[in-house]
Amino acid sequence: MRFSLKKDLINHCNINIIDFHNGQDVQCIINVYSDSNQTAIQILHDNIRNISNTIVMTGDFNIRDSDWDPNVHYHSIYTEDLMFIADCLDLELATPINLGPTRFVDNQHDSNSVLDLVFMNPNNSGFNKHILKPEIRLPSDHVPLFIEVSIKEENIDFTFQTLKKDSNNEKAFVNDIIKGVKNMDTSHLKNQEDILRCVIAFSSTVKDAWSTHSTTKRITKHSKEWWNEQCSACINKYHESGDVAN
Amino acid sequence: MNWVKKKNLPTIEAIYHEGQPCNNLKALWNALHSSYNSADNRAISTRFLDGINQCNDIDWPPFTGQEFKDAIAKCSNASSPGPDHVTWRHLNPLILDKMCLNKVVDIANACITVGYWPDQFKESMSVIIPKPNKTSYNTPKAFRPIVLLNTMGKLIEKVISNRLQFHLSANGFLNPNQLGGIRQWSTIDAGIYLMHLIWAGWMKECHTSVIAFDIAQFFPSLNHDFLSLCLAKAGLNANILKFFINYHSNRSMTYTWNNFTSQKFTTSVGIGQGSAFSPILSAIYLTPIIKTFKKRIKNLKKEIHADILSFVDDGLLISQEKSYDLSSVFLFSSYNMILKIFTDVGLIMEHNKSEIFHFTRAQNPPNPSLDLMSIGGPVLHPKPIWRYLGFFFNRKLNFHQHVHHYATKCISTLNAMKMLGNSLRGLLPMQKRLLYRTCIVPIVLYGFQLWFFKGAPTVKNIAELKKMQHRAALWITGAFRMSPTEGIEAIAGLMPINLHLKKLNGRHHLRYATIPPSHAINSLLDIHQNKNQIQHKFTLASLTDKQKLKLRSPIKDISERLNKIKDKFDPFHSIFHPGLRLVDHFSDRIIFHSPDSSENEDLFIYSSKLNLAFEETQKSSKGVAIISDGSIKTSGSATAIAHIWRDNKVTN
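Along each chain, the written sequence defines residue order, and numbers are assigned to residues from 1. Lettering for chains starts from A, numbering for ligands starts from 1, and both go in the order in which the items are written. Residue-level local features of this predicted model are given only where pLDDT is at least 70; pairs of side-chain atoms are given and counted only at 80 or more, and the full residue set underlies all totals for whole chains, interfaces and linings.

**Q** Would you mind showing me how to read the overall build of chain B here?
**A** Within chain B, the secondary structure is distributed over 21 helices and 18 strands. With C-alpha atoms as the basis for the radius of gyration, the globule rule is written as 2.2 Å multiplied by the number of residues raised to the power 0.38. The globule rule puts the C-alpha radius of gyration for 652 residues at 26 Å, and the 27 Å found for chain B is close to it. For the C-alpha atoms alone, the extent of chain B along its principal axes is close to 80 × 65 × 60 Å. A buried classification covers 36% of the 652 residues belonging to chain B. It is the C-beta atoms, placed from the backbone, that decide contacts: two residues are in contact if theirs lie within 7 Å. In chain B, once contacts between residues fewer than 6 apart in sequence are set aside, the share between residues at least 24 apart is 71%. Strands here are runs of E lasting at least two residues and helices are runs of H or I lasting at least four, both read from the DSSP assignment and numbered beginning at the N terminus. Buried, partly exposed and exposed are defined by the number of other C-beta atoms within 10 Å of a residue's own C-beta, namely 20 or more, between the two limits, and 12 or fewer respectively, with C-beta atoms placed from the backbone.

Structure follows, in structure tokens:
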């Protein structure tokens, strides 16, 4: 899985769109900080058509509304825009397991409020299951939210079939192909079907040989293609003796 | 630092197609397919093909095993495998096995006689590779699709393309003015050709103006119908034509981006870059275009003096006149003409990549622009430096910028190589020297033939190269910075750069003794002159003796050197005809013995092996041993000798 920051969709410091592939699809996560003028909401509203396949949109929206904050008794004018954006992305507002304020104030005049919201698809198994953890907010005035998102149940295959250079498997692979080619009958190739038959025989030989002799390997960061047994022996020798000559 | 990291494609930028970013894979595949297959349904006109002469029919004997052995010997073991995972490494033992080889030869022969190319060999995967040094990678044009095919099919393709290379040069189908994609023709040849024209033009007080043009998406937009007609003109027989028509039909393409693979797209135009046919087929495609251009220029009522040079998709129009106005007119009309021909065959010229350049020796010369507005192009303004085929030309042809560019590049490579070791640890001086000579010298000396010849101003260029070699010698030996260049060069075992250039230049001149008679360089030389070929305005022979004496050009040096060579070479002699060579017929009866290395131990083993082999041949009455040797005397003349031994006696 490779994550990338999609600056080409929306290039604004308050909106991060991060996308990733899971084998087939591209999905994205949207992170928003909407300032007091609600510029982020406006930008999202204008560019919503470019974005698709969002699994979660979250962030500090700076909107107080009775829909999610029981201490407030009015509707914000921006709520409608926000709901429109969520609708376009096929998302709905999720409620946390432990309800509570997400922003704590440091003075006595104001009351704590709910500003950090999570929008998810209701079909997602993580919907309505995010947790507020006010105990670990440390000096920050915002509460961390914990979301577990299930990305489409699919196995991302990061293994691949390989044949190591100069290994016994490779020798056997080549021998199998040679054997297969020797068994082919190429004496009377008169028309297209004859040629096709021969070539199919060859390709099936190769396919069989490949499936029997190739080994499965995981792709890691540390794959060294040029490293072989001789190198390992050499480095061991060097580690033991510490002599530059080795 | 990661040495073997896979090159990942850019992730931040999305590819834009028709103004829309491609945010999902489906849109990406569509964008890629529509831009690499954009020439689909492009109308073409084939009427001008009637004016092209039909070439002699090509003799096509059955394939022999030796051709396959020769073809696979040139293949790199490191090249990527096709969809069936078989690499050249795996195929090599198969070809060495005689029984298997015969079966492969049978299949190849059957493909030609039946005129059929099986779908298994057409199965291909297109890998998208970014073109280097682009500022932005947000269009599909910044990437190059490379086709990976199954190796077995590719081997047969290689053998066929090898034959095409030989025959089309031999029967004169290919035009001398196209220099790309054909064996024995290189960028250096194109450079030398241009250099000679400019210098010879100066002798006759003409300045040289050129327009370089570029064809957009060249390989993916070649039209198959037009190609088939070209192949028929080239003298291929009906079976092979049928084979090529079948080869191009029912093609499908799968694109691969990082680890993602698209569904199959059907393609109806283009030649995959990566197939062994792509160089020769592209050359065949261009031949009628260039021939028609030359013919139309000749048939015009008003005479236009313009020359054309083409290197795959990079073309060059050359005009040599005394006045700038005249050459501008000539260039404009020839540009217009070539534009029309390209549009007829379904190729699109990229006007914004066209460049104009004037070569002159005058003080404060004018530098006029060329207005292409009337034919849909921009106004071309000449730049101070012109880059063509990797050479950096300036107006006075002193190549300071060229040498400076390559020397700087190599100095930065050397700086990076410092991490491989210092005088305490890491690579040994011997290895460093090897690295320098293999990885740096060939790069820094690219195109030196263009500026290193008798009478050329080379002092500044050589000084620049000397500086570079001094740095290298310091790195190899680990000497102090102020050490004298000559001394550390001697210790590092490097030849002084000017002597090295002299040596390489001498060898390069000898190469021209073996080029085919239809080669562009041959049309400029006064000896080896092909009578049928149209004489160029500025050949050596066309100059007066006084002008010849004053002329400074690489061609003059080559001509002087070739005059001393008495041997004649004919690369198209019938004994070199692929499929009819001696080794093709009697490959199992001829065994070559040559030493692996020149070390004493190896030589000893080698000589004992030779003795054994020799005795064996002399025992049987049918065996013959041929022993050959060659040497160069200190006086400079080379000699070679061969003996034929039979029954312990020298028979010849």
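The discussion continues.
**Q** Mind showing me how you'd approach the domain arrangement of chain A here?
**A** By a widely used convention, the size of an interface equals the accessible area lost when the partners come together. Taken domain by domain, chain A consists of domain 1 (4-146) and domain 2 (159-245). Domain start and end points were adopted from an automatic or database domain assignment. Computed over C-alpha atoms, the centres of domain 1 of chain A and domain 2 of chain A are 52 Å apart.

**Q** Explain the pairing of strand E8 (residues 307-311) of chain B to me, please; I cannot follow it from the model alone.
**A** Side-chain direction in a regular strand flips from residue to residue, so the side chains alternate between the two faces of the sheet. Residue and element names in this part refer to chain B. Across the five residues that make up E8, a large majority, four, are buried. Strands are labelled as partners when DSSP assigns at least two bridges between them. Both E8 and strand E9 (residues 314-321) contribute to a ladder of five bridges, which runs antiparallel. Bridge assignment links Phe311 to a residue of E9, and that residue is Asp314. Joining the antiparallel neighbours E8 and E9 is a turn of two residues, in which Val312 adopts a positive phi near 50 degrees.

**Q** Explain the sheet that holds strand E7 (residues 260-267) of chain B to me, please; I cannot follow it from the model alone.
**A** Picture the strands of a sheet paired through backbone hydrogen bonds; they go either parallel or antiparallel. Residues and elements named next belong to chain B. Strand order in the open sheet made by the four strands is E4-E3-E6-E7, with mixed pairing throughout. Lying at the two open borders of the sheet, with one neighbouring strand each, are strand E4 (143-149) and E7. Here the average twist between neighbouring strands, direction ignored, is 30 degrees. Of the pairings in the sheet, the one linking strand E3 (residues 124-130) to strand E6 (residues 251-257) comprises two bridges and is parallel in character. For every element, the axis is a line fit to its C-alpha atoms; helices are fit only across the contacting stretch, and the angle between N-to-C directions ranges from 0 to 180 degrees.

**Q** Please explain the packing of helix H12 (residues 400-417) of chain B against helix H14 (residues 459-477) of chain B as it appears in this structure.
**A** Describing two packed helices takes the angle between their axes plus the distance from one axis to the other. Residues and elements named next belong to chain B. Where H12 meets H14, the closest approach of the two axes is 9 Å, and the angle between their N-to-C directions is 5 degrees. Here H12 lies roughly parallel to H14, going by the angle between them. Here His400, Val403, His404, Ala407, Cys410, Ile411, Leu414 and Met417 of H12 come into contact with H14, specifically with Lys460, Asn461, Glu464, Leu465, Met468, Arg471, Ala472 and Trp475. Residues are sorted three ways: Asp, Glu, Lys and Arg are charged, Ala, Val, Leu, Ile, Met, Phe, Trp, Tyr, Cys and Pro are nonpolar, and all the rest, Gly among them, are polar. Here the contact of H12 with H14 is composed, by residue class, of 10 nonpolar, three polar and three charged. Oblique is the label for any angle not covered by the other classes, which are roughly parallel (under 35 degrees), roughly antiparallel (over 145) and roughly perpendicular (65 to 115).

**Q** When you look at the sheet that holds strand E18 (residues 649-650) of chain B in this model, what are you seeing that I'm missing?
**A** Residues and elements named next belong to chain B. A sheet is described by the order of its strands in space; here three strands give the open sequence E16-E17-E18, paired in antiparallel fashion. The open sheet has two edge strands with one neighbour each: strand E16 (625-632) and E18. Across eight bridges, E16 lies against strand E17 (residues 638-646) in antiparallel orientation. When the bridges of E17 are listed, Ile627 appears paired with His643.

**Q** Any chance you could explain helix H21 (residues 600-619) of chain B here in plain terms?
**A** It helps to recall that an α-helix has 3.6 residues per turn; residues three or four apart then point in one direction. One less than the residue count of a helix, multiplied by 1.5 Å, gives the span that helix is expected to have. The terminal C-alpha atoms of H21 of chain B, which comprises 20 residues, lie 29 Å apart, in line with the 28 Å expected from a rise of 1.5 Å per residue. Across the 20 residues of H21 of chain B, zero count as buried, placing the element largely on the outside.

**Q** How should the interface of chain A and chain B be read in this particular structure?
**A** Each partner contributes residues to the interface: chain A has 37 residues there, and chain B has 31 residues. Per element, the largest residue contribution to the side of chain A that touches chain B is 12 residues, and it comes from helix H4 (residues 192-213) of chain A. For the side of chain A that touches chain B, the per-class residue count stands at 20 nonpolar, eight polar and nine charged.

**Q** Looking at this structure, I do not really get the confidence of the model for chain B. What am I missing?
**A** In low-pLDDT regions, the fine details of the predicted coordinates are not to be read closely. All names here are of chain B. How sure the predictor is of each residue is captured by pLDDT, a score from 0 to 100. On average, residues of chain B carry a pLDDT of 83, and 95% of them reach 70 or more. Low pLDDT (under 50) marks residues 1-5, which in the prediction has three contacts with non-local residues, meaning those over four places away or in another chain. For this predicted complex, the interface confidence reaches an ipTM of 0.72, while the overall pTM sits at 0.76.

**Q** I would appreciate a short explanation of the nonpolar core in the present structure.
**A** Generally speaking, a soluble globular protein has its nonpolar side chains buried in company with each other. The term nonpolar core refers to a set of buried Ala, Val, Leu, Ile, Met, Phe, Trp, Tyr and Cys residues connected through C-beta atoms within 7 Å. Counting residues in hydrophobic clusters, the biggest one holds 140 residues, and the most contacted among them are Ile107, Cys111, Tyr193, Ile284 and Leu317 of chain B. Apart from residues lying up to four places away in sequence, Ile107 of chain B is in contact with Thr186, Leu189, Ile195, Cys198 and Val199 of chain A. Of all hydrophobic cores here, the second largest spans 27 residues; its members include Cys28, Ile55, Ile63 and Leu82 of chain A.

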